[in-house]
Amino acid sequence: MILEITEHDHPALRTKGRRVEKVDAKIRQLAEEMIETMRAAEGIGLAAQQVGLPLQLFVLEVPHMKDRPSAMRLDGMAVDFEPLMPMVLINPRIETFGRTRIGNEGCLSFPGLRGDVPRPFSVRVKAQTLSGDEIEFEADGLLARAVQHEFDHLQGILFIDRMSEADRLEELPEDVRQLSRPALVAGH
Ligand code: ZN
């Protein structure tokens, strides 16, 4: 079933997700429906907040893109990440590293809008999977950016909060600009 995607000022988008205590049939169904919803909307990631459920869970389906490359390492070894997609990451913890780069982002909760967002190039991720196992990997490039964007959603943070003030003024319509909360990312 395709779920409704929450947009703009929906309160779920500003709610920190609850920890998923048990990966049960309900969570598995939710993850499956979120993947279906992400694909139908042609997105590369979707957080539970975006279907109205503030939980620590997001799904990802990042493809190989020539002009926006990604890399993944499992136990320090470079791996092809595409066979691992779609990924469902539950109760994730991340550490970012590497130089901060500017990259253009969009969000299924802000249809038609794009913005330049600074983020560290790399990320180390630990999370539970649907099977209940723990997965740990490192990612660079677009995949690392997508992980950070979705992880932000789980904390109630949106990409518009991370844009520079100048870019917000130039790239966002007034009503969306009003929704940004740059203070949330300060010190994060
Ligand atoms: Zn988003």
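Residues numbered from 1 in each chain as written. Predicted model: local features only at pLDDT ≥ 70, side-chain atom pairs only at ≥ 80, totals over all residues. Heavy atoms only, no water.

K.L.:
Can you help me understand the pattern of salt bridges in this one?
P.N.:
When the charged atoms of two side chains lie near each other, side chains of opposite charge can form a pair. Summed over the entire model, instances satisfying the criterion amount to 13 salt bridges. For D161, the salt bridge identified is with R14, shortest N-O distance 2.7 Å. One end of the pair, D161, is in helix α3 (residues 159-162); the other, R14, is in the segment before α1 (25-40), and 147 residues separate them in sequence. You'll find D161 and R14 in the same group, each marked buried. Between R177 and E174 there is a salt bridge, with the nearest N and O atoms lying 3.2 Å from each other. Of this pair, R177 and E174 both sit in helix α5 (residues 174-177), separated by 3 residues, roughly a single helical turn. The exposure class of E174 is partly exposed, given its relative accessible area of 46%. One network of salt bridges, in which partners are shared, links R73, E95, R124, E138 and D140. (Salt bridge = Lys/Arg side-chain N within 4 Å of Asp/Glu carboxyl O. Helix = DSSP H or I, 4+ residues; strand = E, 2+ residues; numbered from the N terminus. Buried < 20%, exposed > 50% of the residue type's maximum accessible area, 1.4 Å probe, protein only.)

K.L.:
Help me out: how do you make sense of the layout of surface pockets in this one?
P.N.:
Unfilled space is identified by rolling a water-sized probe across the atoms. Space inside the largest pocket adds up to approximately 410 Å³. Taken together, 21 residues form the lining of the largest pocket, with I44, E105, G106, C107 and R114 sitting closest to its centre. Secondary structure elements with two or more residues in the lining of the largest pocket: β5 (87-106) and α2 (141-154). (1 Å grid on protein atoms, 1.4 Å probe; cavity = no way out; pocket = protein on both sides within 12 Å on 5 of 7 lines; lining within 4 Å. Points joined across faces, edges and corners; volume = space filled by probe spheres on them.)

K.L.:
How do you make sense of the nonpolar core when you look at a structure like this?
P.N.:
The tendency in soluble globular proteins is for nonpolar side chains to be buried side by side. Core analysis: the biggest nonpolar cluster contains 21 residues, and F58, L60, V62, M87, L89, F137 and L143 have the highest contact counts within it. Looking at which element gives the most residues to this core, the answer is α2, with 6 residues. Once you skip the residues sitting within four places of it in the chain, L143 turns out to touch L60, V62, S70, A71, M72, F81 and M85. Membership of the second largest hydrophobic core comes to 18 residues, among which are V20, L46, V51 and L57. (Core = buried A, V, L, I, M, F, W, Y, C linked by side-chain atoms within 4.5 Å. Contact = heavy atoms within 4.5 Å.)

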